[in-house]
Amino acid sequence: MSKQLRQDLTYGAPLAAVAAMLADPAFREEVCERQRVLRHDVRVDSTGEGVEVRIEQVQDAAGIPSFAKKLIGDEITIVQEERWASPEAGDITVTIPGKPGDMRGTATLAESGGVTTETVDLTVKVSIPLVGGKVEGLVADMLRKALLVENKVGRDYLSR
């Protein structure tokens with residue numbers, strides 16, 4: 001089983017500005033701060049024409065349903081890796097180290113009339129018998145909320 005997550009994030013800026021924002025460590029730091037993570041480490045590296053982003057963050061598990069909290073504990077470590085081969089497209093992998101599952105997919109940027117839409121398309125897979133589907137839904141919801149915070153931070157960032 002798996003759960004699909006597709007989220008469009010719209011920015012009132014050209015594609016080049018959005019791509020530069022996504023490659024800015026200060027933007028990624030601000031996103032972590034606004035998501036109220038307990039601890040985080042952000043690394044952004046240029047790779048010729050591309051960019052690699054690695055974000056490791058620790059979130060409080062407060063508010064997570066008890067069936068899931070038993071599996072993950074009081075804190076959740078999340079590692080997000082993005083490999084942008086070009087400004088228009090990147091591969092995304094999100095893992096929770098030591099836990100059975102991951103999120104994999106793509107992010108694409110498309111500009112129309114000076115407005116850029118980032119489309120994040122992920123497959124959430126959790127390999128736990130009986131409760132895997134519930135956990136996938138929970139993870140997808142958490143990730144959607146995180147993306148919406150990122151979109152808000154991005155809109156603020158681009159308006160400066």
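These numbers come from a predicted model, not from an experiment.

A.B. asks: An account of the overall build of the protein chain is requested, with residue identities and associated values reported.
C.D. replies: When helices and strands are tallied, the protein chain shows four helices and seven strands. Secondary structure of the protein chain in N-to-C order comes out as β-α-α-β-β-α-β-β-β-β-α. Its C-alpha atoms give the protein chain a radius of gyration of 16 Å, within 12% of the compact-globule value 15 Å for 160 residues. Along the first, second and third principal axes, the C-alpha atoms of the protein chain reach 45 × 30 × 25 Å. Buried residues in the protein chain amount to 39% of all 160 residues. Partitioning the contacts of the protein chain with sequence separation of at least 6, the portion at a separation of at least 24 is 52%. Accessible surface for the protein chain amounts to roughly 8,500 Å². Of this, 51% is attributable to carbon and sulfur atoms.

A.B. asks: So what's going on with the packing of aromatic side chains? Residues and values would help.
C.D. replies: In this structure the tally under the stated criterion is one aromatic pair. Ring centres of F27 and Y157 lie 5.5 Å apart, and the angle between their planes is 70 degrees; on these two criteria the pair is classed as edge-to-face. Separated by 130 residues along the polypeptide, F27 in helix α2 (residues 25-34) and Y157 in helix α4 (residues 132-158) bring together distant segments of the chain. Taking relative accessible area as the criterion, F27 reaches 0% and is therefore assigned buried.

A.B. asks: I'd like a description of unusual backbone geometry, backed by residues and values.
C.D. replies: Non-glycine residue R36 carries a positive phi angle of around 60 degrees. Topologically, R36 is positioned in the loop between α2 and β2 (39-47).

A.B. asks: Provide a residue-level description of helix α1 (residues 15-22), including the pertinent values.
C.D. replies: Every buried residue of α1 is accounted for by L15, V18, A19, M21 and L22. Buried positions in α1, seen along its axis, are confined to an arc of 160 degrees and lie on one side of it.

Thresholds applied
Residues numbered from 1 in each chain as written. Predicted model: local features only at pLDDT ≥ 70, side-chain atom pairs only at ≥ 80, totals over all residues. Heavy atoms only, no water. Helix = DSSP H or I, 4+ residues; strand = E, 2+ residues; numbered from the N terminus. Rg over C-alpha atoms; globule rule 2.2 N^0.38 Å. Buried < 20%, exposed > 50% of the residue type's maximum accessible area, 1.4 Å probe, protein only. Contact = heavy atoms within 4.5 Å. Areas by Shrake-Rupley, 256 points an atom, 1.4 Å probe, with all protein chains shown as cover. Phe/Tyr/Trp six-rings, centres within 6.5 Å; stacked < 30°, edge-to-face > 60°. Arc of directions from axis to C-beta.

Shape is all these values report; function is a separate question.
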